[in-house]
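Geometric and topological summary
Each chain is listed here by its residues.
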Amino acid sequence: MRQARADEYAEFAAARAGHLYRSACLLTAGDTHLAEDLVQETLGRLYVRWHRMARVDNPAGYAQTVLTRTFLAHQRRRSSTERATDVFPDLPGAGDGDTPLRLTLLQALAGLPAKDRAVIVLRYWEDRSVEETADVMNASSAAVRTRSSRALGRLRELLGNDLGEYARP
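Residues numbered from 1 in each chain as written. Predicted model: local features only at pLDDT ≥ 70, side-chain atom pairs only at ≥ 80, totals over all residues. Heavy atoms only, no water.

Focus: the overall build of the protein chain
Scanning the protein chain from terminus to terminus reveals seven helices and zero strands. Listed N to C, the secondary structure of the protein chain is α-α-α-α-α-α-α in terms of helices and strands. A fraction of 67% describes how many contacts in the protein chain between residues 6 or more apart in sequence connect residues 24 or more apart. Entry remark: accessible area of the protein chain is about 10300 Å², with carbon and sulfur atoms responsible for 49%. (Helix = DSSP H or I, 4+ residues; strand = E, 2+ residues; numbered from the N terminus. Contact = heavy atoms within 4.5 Å. Areas by Shrake-Rupley, 256 points an atom, 1.4 Å probe, with all protein chains shown as cover.)

Quick notes on the packing of aromatic side chains
Inspection of the entire model under this criterion finds three aromatic pairs. Relative to Trp50, the ring of Phe12 has its centre 5.1 Å away and its plane inclined at 40°; by these criteria the two rings are tilted. Pair noted here: Phe12 is in helix H1 (residues 2-27) and Trp50 is in the loop between helix H2 (32-49) and helix H3 (59-77), with a separation of 38 residues, a long-range link. Against the face of Tyr124 rests Arg123, its NZ or CZ located 5.4 Å from the ring centre. (Phe/Tyr/Trp six-rings, centres within 6.5 Å; stacked < 30°, edge-to-face > 60°. Lys NZ or Arg CZ within 6 Å of the ring centre and 35° of its normal.)

Quick look at the confidence of the model for the protein chain
Per-residue confidence for the protein chain gives a mean pLDDT of 82; residues scoring 70 or more make up 82%. Within the protein chain, the lowest mean pLDDT, 80, falls on helix H4 (residues 99-110), and the highest, 91, falls on H2. (pLDDT = per-residue confidence, 0-100.)

Printed below as a string of structure tokens:
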């Protein structure tokens, strides 16, 4: 029985790791090393609780919730000696023609506070409802709507009105 659960977990982790990593990269505004750490911690937490996953309706959604909460907890406890940088490492797919757009978007996301970034990623990358986002973030729906509106406004300020120069022809 234990081996069957371990195999089930390994299959789930292999199937979801890529999506969790992409979400973590957006949450961390392109910090690929922190994104890997967050995914690893998320998968570790899921492994410990895997025996209870039969009661969860949507394990993938649960994994995203754990990832977001892990990110927010990391932001709260970040050491004062750590310094964020505006220099991005070479990202996978760097040969793609939309690299300037990706880097511009990641830099704009980095300009947002962690909770605003989490709201943007959950609402517009994960395509979650206001209520689902509020549940993940342990906030009210009104707080999510307000934070979402302000974060989008801040992104518009950071990105300007003309992103056409970064888009592919």
